[in-house]
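Here's the letter readout for the chains.
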Amino acid sequence: MVLVSTIDVGGNGLGTFDISYVDPKINRYVLSDRTNASIDFFNATDASFIGRVGGFAGQKFKADGVTADNTISGPDGVTVVNNKEVWAGDGDSSVKVIDIASFQVVDKISTGGKFRCDEMALDAADHILAVANNADVPPFVTMINTDTRAVVGKIVFDGTNGTPDATQTGIEQPQWSKKTGLFYVSVPQIVPSDATQGGISVIDPSTMSVKATYPVSNCTPGGLTLGPRDEAMIGCSGAFTVPPNTVATTQSVVINLDNGNIVANITPAGGNDEVWFDRGTKHYYLSARGTLVNGKVTPILGTVDAVTNMYDGGVATSTSAHSVAADKVSHHVFVPIGLIPPGTAASTDPTNPCPTRGCIAVYLPSSIDADDGKLAKK
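What you are looking at is a predicted structure, and each value in this text was computed from that prediction instead of being measured. (Residues numbered from 1 in each chain as written. Predicted model: local features only at pLDDT ≥ 70, side-chain atom pairs only at ≥ 80, totals over all residues. Heavy atoms only, no water.)

K.L.:
Just checking my understanding: could you explain the side chain of Thr 317 for this structure?
P.N.:
By secondary structure assignment, the location of Thr 317 is in the loop between strand S27 (310–316) and strand S28 (325–326). Polar contacts involving the side chain of Thr 317 include one to the main-chain amide nitrogen of Ile 300, which spans 3.5 Å. (Helix = DSSP H or I, 4+ residues; strand = E, 2+ residues; numbered from the N terminus. Polar contact = N/O pair within 3.5 Å; in protein donor to acceptor, adjacent residues only side chain to side chain.)

This is the structure in structure tokens:
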């Protein structure tokens with residue numbers, strides 16, 4: 001990967017943010033920008049800033065005024081519905097609907113929780129959005145009909161009704177498969193007494209229930225993206241010391257969605273939040289800001305060839321780089337980067353490409369390796 005440009009978002013710069021998303025059909029990249037309490041819009045082809053829609057919670061802090069409180073901050077998860085609307089979670093347990101044409105918030109849907117609506121995924125066949133309230137105790141997934149904007153179901157992850165007990169550890173990224181018609185949700189910890197055991201829960205939207213949970217060890221599943229061959233990349237967020245190793249290591253994991261079998265362990269990249277599968281280049285991109293190299297945090301944008309599930313290398317990013325999305329048409333890979341707070345030594349984030357104001361770092365594949373598939377036609 002090669003850093004080809006950076007985008008200044010204007011306003012107050014970019015300090016804190018959450019999930020991002022690309023819709024190639026409308027040529028838009030959107031970002032949940034907490035610094036400016038907004039959803040930011042970008043042209044995915046020429047990598048330019050278009051504008052923002054505000055009215056979100058922004059970055060909130062705990063009583064000390066210094067420590068971030070992400071449980072009530074927003075915007076958080078974000079996706080595009082019908083190529084016409086942006087749906088974004090906010091810190092007040094609501095999902096806000098933005099009409100792209102008018103650049104206005106046109107609806108606010110409560111999920112009935114106390115804390116933020118986080119990551120989300122769209123069932124395009126049944127017009128159902130699944131959104132995770134990861135900070136509520138117990139956490140839950142809310143199903144919303146995107147035509148009527150009515151809540152049609154809720155699944156509580158408390159160890160009952162076939163769900164794992166994620167009461168104290170929350171839930172993370174959902175995804176939906178067009179082929180299976182099922183949702184898949186990352187669960188950082190599925191055994192309350194064992195931090196090494198996480199999993200991927202399978203949700204049937206027709207019954208609004210969890211039908212299976214695939215265990216994944218030494219991972220702490222965070223980000224999740226669906227790739228080819230009924231496979232998925234899990235962005236593992238945790239670090240573990242696995243014998244015979246004596247130093248903690250990180251990884252990312254590819255699983256088979258039919259049975260939960262582990263297909264590949266990608267050990268050069270880990271400590272992820274969001275991960276993305278790009279159908280244009282047939283690569284996974286990993287926001288691997290917590291990658292450990294000989295026990296040292298080494299933030300990278302990791303790249304994995306989804307054809308072979310082989311690691312294709314990484315490029316230095318920033319300790320703040322936990323979000324990533326790619327455009328299959330232009331092949332731009334967008335990585336938001338947070339500014340280094342005033343008074344903080346630059347040495348805390350030495351590879352940050354935009355330390356004073358933050359930015360969107362834009363990358364392109366540097367080459368097509370011999371083991372890679374050909375780029376998709378534009």
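Moving on from the model shown.
K.L.:
Please explain the nonpolar core as it appears in this structure.
P.N.:
Ranked by size, the top nonpolar core spans 28 residues in total, and within it Tyr 29, Leu 301, Val 333, Phe 334, Val 335 and Ile 360 carry the most contacts. If you list the elements that add at least two residues to this core, you get strand S2 (17–23), strand S3 (28–33), S28, strand S29 (333–337) and strand S30 (359–364). Per-element accounting of this core gives the leading share, five residues, to S30. Among residues more than four places away in sequence, those in contact with Phe 334 are Val 22, Tyr 29, Ala 44, Ala 47, Ser 323, Val 324, Ala 325, Asp 327, Ile 360, Ala 361 and Val 362. Counting residues in hydrophobic clusters, the runner-up holds 17 residues, among them Ile 128, Ile 155, Val 185 and Val 187. (Core = buried A, V, L, I, M, F, W, Y, C linked by side-chain atoms within 4.5 Å. Buried < 20%, exposed > 50% of the residue type's maximum accessible area, 1.4 Å probe, protein only. Contact = heavy atoms within 4.5 Å.)

K.L.:
What is the right way to look at the pairing of strand S26 (residues 300–305) in this model?
P.N.:
The buried count for S26 comes to six of six residues, which makes it a mostly enclosed element. Strand direction decides the pairing type here: strand S23 (residues 283–288) and S26, joined by six bridges, are antiparallel. Counted as the bridge partner of Ser 287 is Leu 301 from S26. Bridge count for S26 against S27 is five bridges, and the pairing is antiparallel. The partner of Gly 302 across the bridge, within S27, is Gly 314. Hairpin remark: S26 followed by S27, antiparallel, with four residues in the connecting loop; positive phi at Asn 309, about 55°. (Pairing = 2+ DSSP bridges.)

K.L.:
What's the story with the pattern of salt bridges in this structure? I'm lost.
P.N.:
Think of it this way: side chains of opposite charge can pair up when their charged atoms draw near. The final tally for this structure, using the stated rule, is 14 salt bridges. With its nearest N and O atoms 2.7 Å apart, the salt bridge here joins Glu 85 to Arg 149. Of this pair, Glu 85 sits in strand S7 (residues 85–89) while Arg 149 sits in the loop between strand S12 (140–145) and strand S13 (150–156); the two residues are 64 residues apart in sequence, bridging distant segments of the chain. Accessibility expressed as a relative area gives 13% for Glu 85, which makes it buried. (Salt bridge = Lys/Arg side-chain N within 4 Å of Asp/Glu carboxyl O.)

K.L.:
Explain a positive patch on the surface here, please?
P.N.:
There is a patch of like positive charges on the surface, built from Lys 25, Lys 178, Arg 279 and Lys 328. For Arg 279, the position within the fold is in the loop between strand S22 (275–278) and S23. (Patch = residues over 30% accessible without salt bridge, like charges linked within 9 Å, V, L, I, M, F, W, Y side chains within 5 Å. Areas by Shrake-Rupley, 256 points an atom, 1.4 Å probe, with all protein chains shown as cover. Lys, Arg positive; Asp, Glu negative; His and termini not counted. Charge placed at Lys NZ, Arg CZ, Asp CG, Glu CD.)

K.L.:
Just to check I follow, could you spell out the sheet that holds strand S19 (residues 231–236) for this structure?
P.N.:
In a beta sheet, neighbouring strands pair by backbone hydrogen bonds and run either parallel or antiparallel. Pairing is antiparallel across the open sheet formed by four strands, whose spatial order is S18-S19-S20-S21. Across the chains shown, the open sheet's two edge strands, defined by having one partner strand only, are strand S18 (221–226) and strand S21 (262–266). On average, adjacent strands in this sheet sit at an angle of 20° to one another, irrespective of strand direction. As paired strands, strand S20 (residues 252–256) and S21 are joined by four bridges and run antiparallel to one another. When the bridges of S21 are listed, Val 253 appears paired with Asn 265. (Axes fitted to C-alpha atoms, helices over the stretch in contact; angles between N-to-C directions.)

K.L.:
Help me understand the sheet that holds strand S4 (residues 38–43), please; the structure alone is not making it clear to me.
P.N.:
Pairing is antiparallel in the open sheet, where four strands are placed in the order S2-S3-S4-S5. Looking at strand neighbours, the two that pair on one side only are S2 and strand S5 (48–53), the edges of this open sheet. Strand-to-strand twist across the sheet, computed as the mean angle between neighbouring axes with direction ignored, equals 20°. Direction of pairing for S2 relative to S3: antiparallel, over a ladder of five bridges. Counterpart to Ser 20 in the pairing with S3 is Leu 31.

K.L.:
Before we go on, may I ask you to explain the state of the cysteines in this structure?
P.N.:
As used here, a disulfide is simply a covalent bond connecting the sulfur atoms of two cysteines. The tally for this structure, following the rule as stated, stands at two disulfides. The residue that forms a disulfide with Cys 219 is Cys 236, at a sulfur-sulfur distance of 2.0 Å. Every disulfide takes its handedness from the sign of the S-S torsion; for Cys 219 and Cys 236 that torsion is -90°, giving left-handed. Of this pair, Cys 219 sits in the loop between strand S17 (209–217) and S18 while Cys 236 sits in strand S19, and the two are 17 residues apart along the sequence. Residue Cys 219 is classed as buried on the basis of its relative accessible area of 0%. Accessibility expressed as a relative area gives 0% for Cys 236, which makes it buried. Through a disulfide, Cys 354 is tied to Cys 359; the S-S separation comes to 2.0 Å. Here the disulfide of Cys 354 and Cys 359 is left-handed, its torsion about the S-S bond being about -65°. Cysteine pairing for the chain, with bonded cysteines counted in sequence order: 1-2, 3-4. (Disulfide = S-S within 2.5 Å.)

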